[in-house]
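# Residue-level structure breakdown
This is what each chain is made of:
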Amino acid sequence: MNLSTGSARRSHIIGGKDVSGDAWTPNINPSDTSDVVGEYAHASEADAAAAVEAACAALPRWALATPQERADVLDRAGSEVIARADELGDLLAREEGKTLPEARGEVIRAGQILKFHGGQALRNAGEIIDSVRPGLEVTVTREPLGVVSVITPWNFPIAIPAWKIAPALAYGNTVVFKPAELVPGSAWELADTLRRAGLPEGVLNLVMGSGREIGSVLTGSPDIDGITFTGSVLTGERILQTATPQRTRVQLEMGGKNPLVVLDDADLDIAVDVALQGAFGSTGQRCTASSRLIVTRGIHDRFVAALSAAMRGWRVDDARTEGTQMGPVVDATQLAQDEHYLRTATTEGGQVIGGERVERAASGHFLAPALVVGTDSSMTVNREEVFGPVASVIEVDDYDEALAVANDTEFGLSSGIVTSSLAAATHFRRHSGAGMVMVNVPTAGVDYHVPFGGRRASSFGPREQGTYAREFFTVAKTAYVKA
Ligand code: TXE
């Protein structure tokens, strides 16, 4: 099938087999709502239960597979994903709406993540520690956690699934994977690529459909040993409540309200570029988006003028049209949410620059980038995650006030500062309440070999990505050996 123009019909993948189920959901292109990317199977609770059963059945064999076997599968799959970056990037842009360069970059990242964790399978070293008792040796080894539910959002349709599934498989776990309803296409290609790369049947099971309908099976079953989730705070909290009675291990990545501080001594061009990319890249639909721009008085007016001009110059269009700088909002519900926050910001006293609907040849969910100026930290737009191309500006007197405002949030995922002062940058790095801190670079955009995660309401459980991923996906075993 040609993924660019055709309309696929894709089944769940359970126990290595295509399983259709009874219902199908259309996958709609947000740049052109008349374009149906495909029909994807819509899981029932019985389908989800079958996927859990298949993952349980496959666990003993995969938990004892050699690290070479696990590494080879992940490496082969990673190579294929990278080799197909154009085709898979086009599919991703078509179903999610980020621009082709963004989508292609995400696909390559997913391939790199698969290959990185393939290598990690071979580096799952333990420890030998002298006992405090004579003649005894203590070893600490890492064993697989077990059956893991992977539940992912729509904004990174292939990278987030890859950064959860790859370490799960590398350390010998089996997986039930439930992608977001809006983006099953990239998820299906990832699961199918891993299947063809040689994963034994049942090690990775894909069920597509509504989290609300099948979530209790994926998060409440006593057969599930771990749940790794990225999505909204509300759903994350619900999952935690469902999982806790079974003592299931939970890892949650949720929202952000990420501050970007711009100080008087910043290079204006750098500040504008960092804010533009951080706030509006991927249509602002990133948990690490720079949604609060905290700007000191001396540069405020120049910064707002330059950023507004740069925003107005951005081309908002079909995600797959060459030259598009910002694609559409993902769907009508999200568009309504973005516009609701813009109206609320106006009612509460802010002034909105941009943020108009954009008409294009095809019917898509196009919204111009929006900057809300004249805001303070108590306003709704500065407290709640909008998850769209909307950033607000908070004017402050000095660095001390900027830091206080930056930390005045229930979230703590990413934060940033633009400054030419080493002292301010260093102080900010040490005193920011976020899990990730950026100096003179956007709050969004991370590496894959280092930990990713936040504090407070943004995250729960051990860090994701890089070598730190091992913490969640393994359990330690301590052995005492007397020769
Ligand atoms: O998220 P959900 P949605 C925010 C953003 C967005 C809003 C809603 O503001 O507008 O959340 O998006 C599955 N048990 N973020 O509806 O509901 C669901 O099927 C188990 C920010 O997409 O959190 C999907 O696979 N699973 C966020 C996944 O959870 C359940 C990224 C995420 O869906 C479930 C995404 C249940 N009861 C949205 N209910 C960020 N900051 O990165 C749903 N799901």
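Just so it is clear, the structure is predicted and the values come from calculations on it, not from any experiment.

Here we take up the environment of A50. Mapped onto the secondary structure, A50 falls in helix α1 (residues 45-63). Assessed through its relative accessible area of 32%, A50 is described here as partly exposed. C-alpha separation for the pair A50 and T333, spaced 283 residues apart in sequence, amounts to 31 Å.

All told, the structure shown has four aromatic pairs when counted by the stated rule. Above the face of the F156 ring, K98 is positioned so that its terminal group lies 3.7 Å from the ring centre.

Bringing the pairing of strand β5 (residues 32-42) into the picture now. Pairing of strand β1 (residues 8-10) with β5, which is carried by three bridges, proceeds in the parallel orientation. Looking at β5, one finds that A8 is bridged to G38. For strand β4 (residues 23-29) and β5, the ladder comprises seven bridges, and the chain directions are antiparallel. If you follow P26 over to β5, its bridge partner there is E39.

Next up on the list: unusual backbone geometry. In this model, R247 sits at a positive phi of 55 degrees, which is unusual for a non-glycine residue. Along the chain, R247 turns up in the loop between α8 (233-243) and β12 (249-253). Taking relative accessible area as the criterion, R247 reaches 73% and is therefore assigned exposed. Backbone geometry places F387, a non-glycine residue, at a positive phi of 70 degrees. Mapped onto the elements of the fold, F387 is located in the loop between α12 (380-383) and β17 (390-396). Its relative accessible area of 16% is what places F387 among the buried residues.

As a matter of local geometry, the ligand sits amid 26 residues, with T152, K178, E181, S232 and Q334 nearest to it. One nitrogen or oxygen atom from the main chain of G211 is found 3.2 Å from an oxygen atom belonging to the ligand. In the environment of the ligand, an oxygen atom lies 2.4 Å from a nitrogen or oxygen atom belonging to the side chain of Q334. Out of a free accessible area of 810 Å², the ligand has 89% covered by protein chains. According to the grid-proximity analysis, the pocket containing the ligand is the largest pocket. For the shell around the ligand, the elements supplying multiple residues, two or more each, are α7 (211-220), β11 (226-230), α8 and α11 (332-347). Here the shell around the ligand is built from residues that sort into 10 nonpolar, 11 polar and five charged.

Along the chain, T324 falls in the loop between α10 (297-312) and α11. For T324, a relative accessible area of 8% corresponds to the buried category. A polar contact is formed between the side chain of T324 and the backbone oxygen of D318, at a distance of 2.9 Å. With residues near it in sequence (within four places) discarded, T324 still touches T99, R315, D317, D318 and A319.

Thresholds, definitions, all that
- Residues numbered from 1 in each chain as written.
- Predicted model: local features only at pLDDT ≥ 70, side-chain atom pairs only at ≥ 80, totals over all residues.
- Heavy atoms only, no water.
- Helix = DSSP H or I, 4+ residues; strand = E, 2+ residues; numbered from the N terminus.
- Buried < 20%, exposed > 50% of the residue type's maximum accessible area, 1.4 Å probe, protein only.
- Phe/Tyr/Trp six-rings, centres within 6.5 Å; stacked < 30°, edge-to-face > 60°.
- Lys NZ or Arg CZ within 6 Å of the ring centre and 35° of its normal.
- Pairing = 2+ DSSP bridges.
- Near = heavy atom within 4 Å.
- Polar contact = N/O pair within 3.5 Å; in protein donor to acceptor, adjacent residues only side chain to side chain.
- Areas by Shrake-Rupley, 256 points an atom, 1.4 Å probe, with all protein chains shown as cover.
- 1 Å grid on protein atoms, 1.4 Å probe; cavity = no way out; pocket = protein on both sides within 12 Å on 5 of 7 lines; lining within 4 Å.
- Sits in = over half its atoms within 2 Å of the grid points.
- Nonpolar A, V, L, I, M, F, W, Y, C, P; charged D, E, K, R; others polar.
- Contact = heavy atoms within 4.5 Å.

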